[in-house]
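Secondary and tertiary structure notes
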Amino acid sequence: PANTTIYGTAAVLASGGYTNSGYLQLTTPSPGGQSAGFIINDLDAGTPVASFTASYKVLIGSFGSGADGMSFNFAPDLPAGTITEEGAGTGYTVEFDTFPNGPPDIAPAIDVKVGGALGDHSGYTGGELASAIVANLRPDVFADAVIQLNPNNTLTVIYDGIYVISNLDLSTTGYLPVGGSLFGIGARTGSTTDNHWLDNLSIVTRTNPAPFVTSFADR
C-alpha cells in the first residue's frame, strides 16, 4: 500500500489471505531464520497522536513448530529494516510471543513494553509493563486483533475476542506519543518457525484528546 515499506522476508501477496484476499506475509515455516518488517509512515503529518485504534486479522501458526512471534510497534524511531517479536523503537510495543526463551520469559503470551525498555531474544523481559499468558495464541486460522491506545494513555489489547490487556495505565512510564511516529509490524523465526500473516489492517488515529467511553453495559 501507499506510504508503506516492507523489509526482509515480508511480502504482499495477491491472494491466500482472509477470505482469499491479498495479505501481508511476514514469515513462513520454511526455511528457518526469517525476519520481516512492515513500516507505515507518519499518518498525521507530524502532529502527535492522542489515541489510535488498530484492528486486523492475524494468522500465527499453521504448519509451523511454534516460534518466535511478532510485534506491533508505534514509535518515532522505528528502523528502516526488520523488527523482531521483541519490538523496536522508543515508543509502544505489543509483543505476541510464541516461544519461551527461558526465565523470566514466558510464552505463549502477549506483552506490553514502553519507551524502548525492550527485551531481546535472549529472554530479557525487564521492560515489560504487562504480560498475559494466551493459550490459543497460535490458532492456525485468522484471528481478530485489536490494539487501542486511549486518550488517557491507557492501552487495551483484544485477541481472538478476549480482552487480554484492559486499560493498562501507561502513564507510569512518563512516555507520551510524539509527532512523526510510525507504525511498524515485525516477525521472526529461528530453528523453530511459524507463519505470521496479516490481513484487513485498519488504523484510525486521533490527534484531539477528546472524552471517550471506557465501558458500557446493558441494563
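Overview of the structure. As the structure is a prediction and not an experimental result, all values here were calculated from the model.

Further remarks concern the sheet that holds strand β1 (residues 4-8). The strands making up a sheet associate through hydrogen bonds between their backbones, and the pairing can be parallel or antiparallel. If you trace the 7 strands from one edge of the open sheet to the other, you get β1-β4-β13-β6-β7-β8-β9, paired in antiparallel fashion. Single-partner strands in this sheet number two, and they are β1 and β9 (128-133). Looking at each pair of strands side by side, their axes are set apart by 10° on average, direction ignored. In this structure, strand β6 (residues 69-75) lies alongside strand β13 (residues 182-188), joined through 7 bridges in antiparallel fashion. Among the inter-strand pairings, Ser-71 is bridged to a residue of β13, identified as Gly-186.

Taken in spatial order, the 7 strands make up an open sheet running β2-β3-β14-β5-β10-β11-β12, and their pairing is antiparallel. Taken across any chain shown, the strands that pair with only one partner, and hence form the sheet edges, are β2 (11-13) and β12 (162-169). Direction aside, the axes of adjacent strands within the sheet are offset by 25° on average. The sheet contact formed by strand β11 (residues 154-159) and β12 spans 5 bridges and is antiparallel. Note on β12: the bridge partner recorded for Thr-154 is Asp-169.

Attention shifts here to the pattern of salt bridges. Per the counting criterion, the structure on display carries 6 salt bridges. Residues Arg-188 and Asp-68 are paired through a salt bridge, measuring 3.4 Å at the closest nitrogen-oxygen approach. One end of the pair, Arg-188, is in strand β13; the other, Asp-68, is in the loop between β5 (51-61) and β6, with 120 residues separating them in the sequence. Residues Arg-188 and Asp-68 agree in their burial class; the two are buried. In this structure, Lys-113 and Glu-86 form a salt bridge, with 2.3 Å as the shortest nitrogen-oxygen distance. You can see Lys-113 sitting in strand β8 (residues 109-114) and its partner Glu-86 sitting in the loop between β6 and β7 (92-97), a full 27 residues away along the chain. When its relative accessible area of 1% is taken as the criterion, Lys-113 is described as buried. Overall, Glu-86 belongs to the buried group, its relative accessible area being 2%. Overlapping salt bridges bring together Asp-68, Glu-85 and Arg-188 as one network.

The residue after Ser-30, namely Pro-31, is reached through a cis peptide bond having omega -5°. Mapped onto the elements, Pro-31 comes out in the loop between β3 (23-27) and β4 (35-40). Looking along the chain, the bond that leaves Ala-67 and enters Asp-68 is cis, with omega of -5°. Unlike most non-glycine residues, Asn-3 shows phi in positive territory, near 65°. Topologically, Asn-3 is positioned in the segment before β1. Positive phi outside glycine occurs at Asn-153, with the angle close to 65°. As for its placement among the helices and strands, Asn-153 is situated in the loop between β10 (143-149) and β11. Given a relative accessible area of 7%, Asn-153 falls into the buried group.

Scoring rules and cut-offs
- Residues numbered from 1 in each chain as written.
- Predicted model: local features only at pLDDT ≥ 70, side-chain atom pairs only at ≥ 80, totals over all residues.
- Heavy atoms only, no water.
- Pairing = 2+ DSSP bridges.
- Helix = DSSP H or I, 4+ residues; strand = E, 2+ residues; numbered from the N terminus.
- Axes fitted to C-alpha atoms, helices over the stretch in contact; angles between N-to-C directions.
- Salt bridge = Lys/Arg side-chain N within 4 Å of Asp/Glu carboxyl O.
- Buried < 20%, exposed > 50% of the residue type's maximum accessible area, 1.4 Å probe, protein only.

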